Amino acid sequence: MEVLTSFFSNIDWYEIWLATGDTLLMLGGSLLFTVLLGLPLGVLLFLCSPRQLLEAKGVYAMLSLVVNILRSLPFIILLIVMIPFTVLITGTSLGVAGAIPPLVVGATPFFARLVETALREVDRGIIEATQAMGATTRQIIINALLPEARPGIFAAITVTAITLVSYTAMAGVVGAGGLGDLAIRFGYQRFQTDVMVVTVVLLLMLVQVLQTVGDKLVVHFSRK
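Since the structure is predicted, the reported quantities are computational estimates derived from the model, not experimental observations.

**Side note on the pattern of salt bridges**
Consideration 1: What the rule picks out here adds up to 3 salt bridges.
Consideration 2: As a salt-bridge pair, Arg 113 and Glu 116 come within 2.7 Å of each other at their nearest N and O atoms. Within this pair, Arg 113 and its partner Glu 116 are both found in helix H6 (residues 95-120), separated by 3 residues, close to a single helical turn.
Consideration 3: The shortest N-O distance in the salt bridge between Glu 128 and Arg 124 comes to 3.6 Å.

**Observations regarding the UniProt feature "transmembrane region" (unreviewed entry) in the protein**
Consideration 1: UniProt marks residues 24-47, 59-83, 89-112, 153-175 and 195-214 with the feature "transmembrane region" (unreviewed entry), using the numbering shown here.
Consideration 2: Helix makes up 83% of residues 89-112 and strand 0%, and the two end C-alpha atoms of the span are 23 Å apart.
Consideration 3: Secondary structure content for residues 195-214 is 100% helix and 0% strand, while the C-alpha to C-alpha distance between its ends is 29 Å.

**Examining the nonpolar core**
Consideration 1: In terms of nonpolar packing, the biggest core is built from 46 residues, with Leu 103, Leu 119, Leu 145 and Leu 164 touching the most fellow members.
Consideration 2: Going through the elements one at a time, helix H2 (13-48), helix H4 (75-81), H6, helix H8 (137-148), helix H9 (150-171), helix H10 (178-188) and helix H11 (193-222) are the ones with two or more residues in this core.
Consideration 3: Sorting elements by how many residues they give to this core places H6 first, with 10 residues.
Consideration 4: Not counting the four nearest positions on each side in its chain, Leu 164 is found in contact with Leu 27, Ser 30, Leu 31, Thr 34, Leu 103 and Ala 107.
Consideration 5: Leu 45, Tyr 60, Val 67 and Ala 112 belong to the second-largest nonpolar core, a separate cluster that totals 6 residues.

**As for unusual backbone geometry**
Both trends apply: most residues other than glycine have a negative phi, and most peptide bonds are in trans.
Consideration 1: We note that Arg 51 has phi near 65°; this positive angle belongs to a residue other than glycine.
Consideration 2: Within the secondary structure, Arg 51 sits in the loop between H2 and helix H3 (57-72).
Consideration 3: What makes Arg 51 exposed here is its relative accessible area of 67%.

Conventions and cut-offs
- Residues numbered from 1 in each chain as written.
- Predicted model: local features only at pLDDT ≥ 70, side-chain atom pairs only at ≥ 80, totals over all residues.
- Heavy atoms only, no water.
- Salt bridge = Lys/Arg side-chain N within 4 Å of Asp/Glu carboxyl O.
- Helix = DSSP H or I, 4+ residues; strand = E, 2+ residues; numbered from the N terminus.
- UniProt positions renumbered as here; feature names shortened; annotations may be inferred.
- Core = buried A, V, L, I, M, F, W, Y, C linked by side-chain atoms within 4.5 Å.
- Buried < 20%, exposed > 50% of the residue type's maximum accessible area, 1.4 Å probe, protein only.
- Contact = heavy atoms within 4.5 Å.

Written out as structure tokens, the structure reads:
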């Protein structure tokens, strides 16, 4: 017990609590906007792709190019590049508010591609049957495509959420707060191993919770 107390001598549990709260706020806020922006973008990518309802090769090529560029850009570079834009829309590049815009920009293209893939897995016969009944494109999307792709979309949300956890940790490099910031400032810069261990364990626990909840949602919607 004494050894344990000695090992965790640098831990300020109140700071850990605040950092965990910041990480959850960054994750929740960025995931919400990522889904709101990435879902329609993924649907549009699917609809405009070859042999789909709104086939438009030019639009698909342009959207794919933008998505691929943003996906291939390392997140740490994106954080720095976006500082002027982040300051413009939030008034700061620090803290939770300063982290959410780059988190959303970094994760939205990734999520959109996953949504496109999930929609491609929908049986084409279902789409054709809905078309034969005289449904509009909007009705096909709402009543056939999205309901059938729900397990894949929830799996995509889970993967994106876990990716965002790692992004929030990296955002600590530019003063975004959260567990990543704590790990860098204390665990790395001040060589406080105990702080590093606690932050890593908490991040791992968060990932496990997200994966477990995501898996249950996928199974639930697969049975419907």
